[in-house]
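These are the residues of each chain, in order.
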Amino acid sequence: MYRLATRNVVVSIPRWRSIALLLRSPVNKHASFNPSPLLIGRQFGRVRCFRDQKILKGTTRKFRSSNKALDDKDLSQIVWWKERLELCHKPSTLNLVKRLVYSNLLGVDVNLKNGSLKEGTLNSEILQFKSKFPREVLLCRVGDFYEAIGIDACILVEYAGLNPFGGLRSDSIPRAGCPVVNLRQTLDDLTRNGFSVCIVEEVQGPTQARSRKGRFISGHAHPGSPYVFGLVGIDHDLDFPEPMPVIGISRSARGYCITLVLETMKTYSSEDGLTEEALVTKLRTCQYHHLFLHSSLKGNASGTCRWGEFGAGGLLWGECTARHFEWFEGNPVSELLYKVKELYGLDEEVTFRNVTVPSENRPRSLNLGTATQIGAIPTEGIPCLLKVLLPSNCTGLPALYIRDLLLNPPAYEIASTIQATCKLMSSIKCSIPEFTCVSPAKVLVKLLELREANHIEFCRIKNVVDEVLHMNRSTNLREILKLLMDPAWVATGLKIDFETLVNECEWVSDRIGQMIFLDGENDQKISSYANIPSEFFEDMESSWKGRVKKIHIEEEVAEVEKAAEALSSVVNEDFLPIVSRIKATSAPLGGPKGEILYAREHEAVWFKGKRFAPAVWAGTPGEEQIKQLKPALDSKGRKVGEEWFTTMKVEGALTRYHDAGAKAKARVLELLRGLSTELQTKINILVFASMLLVIAKALFSLVSEGRRRKWVFPTLAGFNCSKGGESSDETKGMKIIGLTPYWFDVSEGCAVHNTVDMQSLFLLTGPNGGGKSSLLRSICAAALLGICGFMIPAESALIPQFDSIMLHMKSYDSPADGKSSFQVEMSEIRSIVSGATSRSLVLIDEICRGTETAKGTCIAGSIVETLDEIGCLGIISTHLHGIFTLPLCTKNTRYKAMSTEYVDGQTKPTWKLVDGICRESLAFETAKKEGVAEAIIQRAEELYSSVYGKEVYSGQLDRQPVQVASEGAQLQSNGTQAGSLSSQTKPKNRMDGLKMDVETAVTLICQKKLMELYNQKNTSELPVLNFIAIAAREQPPPSTIGSSCVYVMFRPDKKLYIGEVFLDVVIALLFNLTFVVTQIKFY
């Protein structure tokens, strides 16, 4: 048996898809990793073998000679591209593919027109660049276009929607490209489809005759990592997607391990001990660039190498086979980092920082079924938990943080810190910052490292550090800032001291403030002269003015101003007399015309006119200037048109002005890049600060929505450990009073409240539509929110720190895996039972409903016994009433039911949890409600009476249900902190004095109205008034939610605008107003 030299020759990248598509089962197949003999023979002609170097048949002499330059590595790259081309389907692309040959990395046929690869040609230069990054589409700048040839041209036509150069003529190599102005769109199209792109730029400037322009690799564009070359010189923001990691999956003695590498951030993290379901959840919710599977996955529990065929690994195998992946061997971390460096073309010296946070005492990540059934992962038909937790205007990075926290619950200490933070946020009575959310991968790493951050990004960075400093200076917000340090550490992997954070933020703020031109400054006005169109100076100077402070470019600005003044003077001398002459000439139609205009395309101010030359030269005013005119020429020396004219002096003044402007712009870019270099040493601080603000905004939004919905903070209880290391049962139980489904809005009064006092396992019965599934889903969501430190939909609660929360509901069959719905259910039950401990919460809905009743009942009974022996908390709901006749060996299992009531001759559910057993299913009523034919239902009732007539219980319980009372004191008090009016102090300035006058006036008016309303004579018995000052780029705190508010706005004309807002529905209006003008509002 021969070993092929093309070992591991194919690496595949996933085609980019939206998160919505990722959450569904993908349909594209995984890549094959060993090309078939037929594929090898047809495409490459030969394959060398290590034994005797024989050449397979089918090789032509011509191909052998051209293939000498291909080594094994190049051959593997061509195989990789060949598989990409096989996915193309456009007719124009297929015609181009026919012209390819696979004797070089470009796929160029040297026998076709423009196909020469001789040294010194452009194709040869492109081939050299391609050899450095063989798996990237290469775009080469040629004049006003970016061009691609060969294989890359086919990719452009297929995925970027471009037309091939030269049409469909078959005598030329495939060529395609896009104009310079369309580069961003082309890159977006390619990266959206999973391709990486290498961009080659030309060296700008004059070149010697007959010499080729120099070229260099200016940058790369990857999925999740856009091309940023030249961003420092533009005046608009670039939309950055969230970075996509490279993922490696392996298996260890603890379980499955996932390693994520972010090339943009130069970081990696590993998480070990994952269950198969939790790993699949991470894959479903993570948008990744490449997927690598370690060879340790091939050996499964059955001892075979056919991974996924015998149970263990089947779910993960089904997920991976629907995607592109590549196997790798060796150390899972170091080898993956090597793959990343190879993939992105990084030097060996590049290092990656380990940001893995210790996972001891941290609950296990949610499995896929749990995450989908509570809407942590958006699922059709399931209420989305994220949409309930956050206001509609809270999206992006804060929403992603909350989602990741739900999918990966924090350790008890971090959860307690988050809850303490949220409680403080709920009670503060001061304004809060706007919270600028900046993607760390965008501004704080890539743009700074590549020195491409422009003035807009620096202003955004300054906003980030200024908001951190604002929180530090505020007495009410300082404690919140300190509490956010630990959650930010967990999110970033960076451990930073509080004082260090504050000091470094002050340095960054001061340094940016010293360099960058900030809003409100007006010392850099655009040049303006009456005789020159204002658009000319706007276009020429707006590209560099208003970016850095004038003090740093005083010499350059002075030179530009002198050049602009000289240009204006020359235009006055050479053009203005001609214009005046034309205006003084009164003639009917067909008379002379002329004016001074801005030729935008040529960046020049010229004279445009016709019929202005006199028929007879008589020495009148303007004739001398007309004689000096000459046709205007473009940059290539070609005549612009018949009506455009200039003079030698005007051209000289334009050249001087452009040179001065170019010098000033170069100086500005130099200063901006220098500032990027300075801030590179502060990247860790900036990453930490930006993540801290993301967390702050997420939690403030969470608290605001929780207060609006009247949710509460539960009491968190950690499991106490005895000396032997085993958990104590003192804090094991969970009690939730007044629990409501999370998707119901309690503030609207439409939810049924239940009390769940769980000290052991519940076996739950109830009718169809009685609320069993809703109860399980509600308990699961409440427990998950509690162990994350969030508010929950209840009146009060005591929630222990579970080590895992597992919810199993309905199962569907999986034809792709050859599994029935019952097989899928048993696979999930196996995972739940094997992972359950005495600290777990296990919730299983309608167990064993997909198989024969008798045996399914026995399996269900055995599972109940197993979970009872484990000692976990949980609920198992069932319609298998035969389980109560089985001789179960249980100690702690309790029987619970969803009660019903008899109203107007009909049995109806109450959706209340009670003690006992309910054997009424309401099956006939449910079928009738859903429109099943009356005849079918009547016949079903007859059959039921004939077989089960003696066992009919008319909907009664085995024993009289006892309604669970809402006993016990409330576990969490949400009493509002008593506030008081501001103490009377001497005003520091005029605005403070005006503020105090307004407070006094509002207090007197409100007290008078309240005394009339409540018939009170003593003001001490009136509700307390709180005054909150809201400055620019600030917003009201969550404590204002649900309160009636009066706001007073200080207008720029020194007048007051007074309004009244009731309830929390209109608070969004106030948020919008906050960002419009500088104002103070009082609540």
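Conventions and cut-offs
Residues numbered from 1 in each chain as written. Predicted model: local features only at pLDDT ≥ 70, side-chain atom pairs only at ≥ 80, totals over all residues. Heavy atoms only, no water. Buried < 20%, exposed > 50% of the residue type's maximum accessible area, 1.4 Å probe, protein only. Helix = DSSP H or I, 4+ residues; strand = E, 2+ residues; numbered from the N terminus. Pairing = 2+ DSSP bridges. Right-handed = clockwise from strand over helix to strand, strands pointing away. Patch = residues over 30% accessible without salt bridge, like charges linked within 9 Å, V, L, I, M, F, W, Y side chains within 5 Å. Areas by Shrake-Rupley, 256 points an atom, 1.4 Å probe, with all protein chains shown as cover. Salt bridge = Lys/Arg side-chain N within 4 Å of Asp/Glu carboxyl O. Axes fitted to C-alpha atoms, helices over the stretch in contact; angles between N-to-C directions. Parallel < 35°, antiparallel > 145°, perpendicular 65-115°, else oblique. Left-handed = near helix turned anticlockwise from the far one by under 90°. Contact = heavy atoms within 4.5 Å. Nonpolar A, V, L, I, M, F, W, Y, C, P; charged D, E, K, R; others polar.

Draft legend 1. Geometry of the pairing of strand β24 (residues 873-877). Along β24, 5 of the 5 residues are buried, which leaves the element largely enclosed by surrounding structure. On β24, burial covers both faces: Leu873, Ile875 and Ser877 on one face and Gly874 and Ile876 on the other are all buried. One ladder, built from 4 bridges, connects strand β20 (residues 761-765) with β24; its direction is parallel. Bridge pairing in β24 links Leu764 to Ser877. In this sheet, β24 lies alongside strand β23 (residues 840-844) in parallel orientation, the contact comprising 4 bridges. Paired with Ile844 across the strands is Ile876, a residue of β24. Remark: the β23/helix α29 (residues 853-870)/β24 crossover connection has right-handed handedness.

Draft legend 2. Quick look at the pairing of strand β1 (residues 137-142). The element β1 is extensively covered by neighbouring structure, given that 5 of its 6 residues are classed as buried. In terms of strand pairing, β1 meets strand β4 (residues 197-202) through 4 bridges, oriented parallel. Considered in β4, the bridge of Val137 is made with Val197. With 3 bridges connecting them, β1 and strand β2 (residues 145-149) associate as antiparallel partners. Considered in β2, the bridge of Val142 is made with Phe145. Linking two consecutive strands that pair antiparallel, namely β1 and β2, is a turn of 2 residues; a positive phi of about 70 degrees is found at Gly143 within it.

Draft legend 3. Structural view of a nonpolar patch on the surface. On the surface, Val203, Phe216 and Phe229 cluster together into a nonpolar patch covering about 230 Å² of accessible area. Mapped onto the elements, Phe216 comes out in strand β5 (residues 215-221).

Draft legend 4. Structural context of the packing of helix α17 (residues 455-473) against helix α26 (residues 683-708). Relative orientation of the contacting elements α17 and α26 amounts to 65 degrees, with a least axis distance of 10 Å. In this view, α17 runs roughly perpendicular relative to α26, as classed from their interaxial angle. When you trace α17 past α26, the crossing you get is left-handed. Across from Ile461, Val464, Val465, Glu467, Val468 and Met471 in α17, the residues of α26 making contact are Leu686, Ala689, Ser690 and Leu693. Across the contact of α17 with α26, the residue classes break down as 8 nonpolar, 1 polar and 1 charged.

Draft legend 5. Representation of the sheet that holds strand β18 (residues 734-739) within the structure. Taken in spatial order, the 4 strands line up as β17-β21-β18-β19 in an open sheet, and their pairing is mixed. Edge strands, defined here as strands with exactly one partner in the open sheet, are β17 (715-717) and β19 (754-758). When the angles between neighbouring strand axes are averaged without regard to direction, this sheet yields 15 degrees. Both β18 and strand β21 (residues 796-800) contribute to a ladder of 3 bridges, which runs antiparallel. Bridge pairing links Ile736 to Ala797 in β21.

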